[in-house]
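# Inside the fold
The chain contents come next:
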There are 2 protein chains.
Amino acid sequence: MTEPMNRALLPAGLHDVLPREAAFEATIVERLMAEFASNGFERVKPPLIEFEASLLSGPGAAMATQTFRLMDPVSQRMLAIRPDMTLQVARIATTRLANEPRPLRLSYGGQVLRVKGSQLRPERQFGQVGVELIGTLQPTADAEVVLLAYRALKAAGVTNISVDLNVPTLVSSVCRGLDLPEDETFRLRQALDRKDAAEVAAVGGKAADLLTGMMGASGPADRAIELLAALDLPETAEADRRRLNEVVRLIRTAAPELMLTVDPVEHRGFEYQTGISFTLFSRGVRGELGRGGRYRAGGKAPAGDNGSSLSGEPATGFTLYLDTVLRAVPDPAPIPKVFLPIGTDPTEGERLRAEGWVTVRALDALDDPAAEARRLRCTHVFAGGQILSAV
Amino acid sequence: MTEPMNRALLPAGLHDVLPREAAFEATIVERLMAEFASNGFERVKPPLIEFEASLLSGPGAAMATQTFRLMDPVSQRMLAIRPDMTLQVARIATTRLANEPRPLRLSYGGQVLRVKGSQLRPERQFGQVGVELIGTLQPTADAEVVLLAYRALKAAGVTNISVDLNVPTLVSSVCRGLDLPEDETFRLRQALDRKDAAEVAAVGGKAADLLTGMMGASGPADRAIELLAALDLPETAEADRRRLNEVVRLIRTAAPELMLTVDPVEHRGFEYQTGISFTLFSRGVRGELGRGGRYRAGGKAPAGDNGSSLSGEPATGFTLYLDTVLRAVPDPAPIPKVFLPIGTDPTEGERLRAEGWVTVRALDALDDPAAEARRLRCTHVFAGGQILSAV
């Protein structure tokens, strides 16, 4: 549709969502939230803006360049518009809900704003919905959130869902176990991020063979687990491997039909994750549906490894990106609309709406209600106590 | 609950909405939006921020002091966080949806932010939900939005709803008809705003008797209509009176049980309204549930009277204030939660959720699942294929 007036101009990356799409988006959000709720995840709703100092502290610091800031004339302090809701939910869990029994299951859904869109996601405002499961280190918790994400997406109508499991701490566990110097580990990390097998072999030193083996294990979960089991990992990596095995087993048992892959060397985008992490895809749909994984809720500093010295509560969870989810869901069926001419008994309208019809009231007396129904894009017209097709 | 850490501190007027309340709020919003949708009002979703120049132009200028502003590093222009959604919806209607057939029925629901709370509404972030009916001057449209507000609030669980109808243009129509000088009209307006009958008599000049009579008509709708009919209003006020009569008749016919009052001299808060306006209350609940009325959508300047010279499309609509609506709705019934010990067949969980239960999965094997269920505030525990009370 054209934009006849300049007033229609919006800043880049911001959009008006128009009739059918806006209702559809709301329906999908409510379907996801309903699935979270019926699995015991209770909704919280943090505010859109907070003090910059609290929103961008700790792990939030990584979002600083992505965050809109503004002055609060009331407190005379800087505020920030949330670029992400997960930090807010972790804050709520570890402060206001600090005395609630653990594990604590929370869910959230809302809008976030970012200063700049990314290449993959040019939108600067988008919806996030997700859950956090806080206060437990159990692999059953890792499996529960993966399975919940899968089932909620399925309930929302997404098909061909796949989950890629990662252990972003595994490479550093291996390098630590082999006493690799830090600079060598760093160069290895970069080579792995590029999936550059030749470079991994060249700079890997005594870790080269193992990491090449780990790279090769990447793929379907059962095969990956088998290949990883055959590797002679150092003792420091044993906990990561055991947990991965257990989480894969739990997911495969509960949802054998789910396409599950494992990439044991991936860590990009999981810099703040402290254990099993995952990315959700729908085959053929551009971009990620969402991602999640282990972290520390309320920890003061970004976590660099999975040692027990980490501050904060053990937690896991996921966030779904609504724009991608909407691309992965089939278009909604058109809703039949029935036009009610002037004089229609109001109780008839009530009855029709209770039956699931959308009703549109006439505001004028009309000679040809069917023509007016068509003009207003109604599919039906109510006449003589009956619903007639208007098309 | 106490706030053990400083990180929990939020700016004045901003709040975390915690578990039960957040879910309840979302349910109420969806119930209202569902009522709007089934009456043919289609949802739109404008962005949280816009260019300041477009958001605060025309009637938006009145909100300027209430609006958070921020710099957009991308466009290098000032943005504003929306203090209100109605202007955005009018913008969408008159630009992107300019070619859609009229009357156009739109609905919206979302969060708005204001720089300062008011005495009645200290919150600086709150939810707005509402509708706009654009492109018609028919009294049937005025009646439709009043009745929709009433029915949607009723569907959301609000009781003792009352509607106060106003004609904010009526006093100036009368004064114009009697050729009252502008300064006299202004003083009269002030006296009427204070409901100061003595002052109205003193400064009213030749309008004193009529306006005293109009003040006295204020009250239950049928009586107000009768008293107004007995007044010898100038010809200039006849259109306003006729429309009020017709709107009252339509509302009384469709919802005779609705508490309907008329205040023919009220205009505070309706400075931008161009005709029949209304405020929604629930008896015994502090504050307004919402308000609405006639305006011009897409008009360039604030409208001062109801002359046909007004720019923009004729429109009416209403906004509900979610904080007040939530105070007017009875607390939700607690949802039964059933605890599923480790080893529970996943299909049993699915079956229970489909039946409306909330399920909470055990993450550890337990000797006493009922005790764990109680600790996690579950009402029931699943054991031996049965749901048992845990309390």
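Not measured: the values here are computed from a predicted model.

## Considerations on the packing of helix α8 (residues 208–217) of chain A against helix α9 (residues 221–230) of chain A
All names here are of chain A. At a closest axis distance of 8 Å, the pairing of α8 and α9 adopts a crossing angle of 165 degrees. With respect to α9, the element α8 is oriented roughly antiparallel. Along this stretch, α8 crosses α9, giving a crossing that reads as right-handed. Side by side, α8 and α9 meet where Met214, Gly216 and Ala217 of the first sit next to Arg223, Ala224, Leu227 and Leu228 of the second. The class makeup of the residues in the contact of α8 with α9 is 5 nonpolar, 1 polar and 1 charged.

## A look at the pairing of strand β9 (residues 259–263) of chain B
Residue and element names in this part refer to chain B. Bridging between strand β7 (residues 161–166) and β9 involves 5 bridges; their strand directions are parallel. Its bridge partner being in β9, Leu165 is matched across the sheet by Val262. Pairing geometry for strand β8 (residues 219–220) and β9, over 2 bridges, is antiparallel. Bridge pairing links Pro220 to Thr261 in β9.

## Brief notes about the relation of the copies chain A and chain B
Between chain A and chain B, the superposition needs a rotation of 180 degrees and an axial shift of 0.0 Å, giving an RMSD of 0.1 Å. Interpreted geometrically, this transformation is the action of a two-fold axis. Relative to the rotation axis, the closest C-alpha in chain A is found at A:Leu70, a distance of 2.7 Å. Comparing interface residues between copies, 100% of those in chain A also sit at the interface in chain B, which points to an isologous, same-surface contact.

## Description of the pattern of salt bridges
Here the structure, examined in full by the defined rule, presents 58 salt bridges over all chains. Across the pair A:Arg351 and A:Glu355 runs a salt bridge whose closest N-O atoms are separated by 3.0 Å.

## Section: the sheet that holds strand β3 (residues 69–72) of chain A
Residues and elements named next belong to chain A. Strand order in the open sheet formed by 3 strands is β2-β4-β3, with antiparallel pairing between adjacent strands. Because the sheet does not close on itself, it has two edges, and the strands there are β2 (49–51) and β3. In this sheet, adjacent strand axes meet at a mean angle of 40 degrees when their direction is disregarded. Across 3 bridges, the pairing between β2 and strand β4 (residues 77–81) is antiparallel. Looking across to β4, one finds that Phe51 is bridged to Leu79.

## Observations regarding the confidence of the model for chain A
Close inspection of predicted coordinates is inappropriate in any region flagged by low pLDDT. A residue-level look at chain A finds 95% of positions with pLDDT of 70 or above and a mean pLDDT of 92. Counting interchain partners and residues more than four positions distant, the pLDDT-below-50 stretch residues 301–309 of chain A has 13 contacts.

## Overview of helix α3 (residues 86–94) of chain A
With 7 of 9 residues buried, α3(A) lies mostly within the body of the structure. Listed as buried for α3(A) are A:Gln88, A:Val89, A:Ala90, A:Arg91, A:Ile92, A:Ala93 and A:Thr94.

## Points about the sheet that holds strand β15 (residues 380–383) of chain B
Residues and elements named next belong to chain B. Pairing is mixed in the open sheet, where 4 strands are placed in the order β14-β13-β15-β16. Pairing within the sheet leaves two strands with one partner each, and these edge strands are β14 (358–361) and β16 (386–389). With direction set aside, neighbouring strand axes in the sheet form an average angle of 35 degrees. Against the sheet, helix α12 (residues 346–354) touches β13 (337–340), β14, β15 and β16, its axis set at about 150 degrees to β14.

## Observations concerning the pairing of strand β14 (residues 358–361) of chain A
Residues and elements named next belong to chain A. As paired strands, strand β13 (residues 337–340) and β14 are joined by 4 bridges and run parallel to one another. By the bridge assignment, Leu340 is partnered in β14 with Arg361. Each parallel crossover has a hand, and the one from β13 via helix α12 (residues 346–354) to β14 is right-handed.

## With respect to the environment of A:Asp364
By secondary structure assignment, the location of A:Asp364 is in the loop between β14 and α13 (369–375). Residue classification places A:Asp364 among the partly exposed residues on the basis of a relative accessible area of 33%. A C-alpha to C-alpha distance of 59 Å links A:Asp364 and A:Pro101, two positions 263 residues apart in sequence. If we ignore the near neighbours within four places in the chain, the residues touching A:Asp364 are A:Ile342 and B:Gln138. Of the polar contacts made by the side chain of A:Asp364, one reaches the side chain of B:Gln138; its length is 2.4 Å.

Rules behind the numbers
- Residues numbered from 1 in each chain as written.
- Chains lettered and ligands numbered in written order.
- Predicted model: local features only at pLDDT ≥ 70, side-chain atom pairs only at ≥ 80, totals over all residues.
- Heavy atoms only, no water.
- Axes fitted to C-alpha atoms, helices over the stretch in contact; angles between N-to-C directions.
- Helix = DSSP H or I, 4+ residues; strand = E, 2+ residues; numbered from the N terminus.
- Parallel < 35°, antiparallel > 145°, perpendicular 65-115°, else oblique.
- Left-handed = near helix turned anticlockwise from the far one by under 90°.
- Contact = heavy atoms within 4.5 Å.
- Nonpolar A, V, L, I, M, F, W, Y, C, P; charged D, E, K, R; others polar.
- Pairing = 2+ DSSP bridges.
- Least-squares fit on C-alpha atoms with pLDDT ≥ 70 in both.
- Salt bridge = Lys/Arg side-chain N within 4 Å of Asp/Glu carboxyl O.
- pLDDT = per-residue confidence, 0-100.
- Buried < 20%, exposed > 50% of the residue type's maximum accessible area, 1.4 Å probe, protein only.
- Right-handed = clockwise from strand over helix to strand, strands pointing away.
- Polar contact = N/O pair within 3.5 Å; in protein donor to acceptor, adjacent residues only side chain to side chain.

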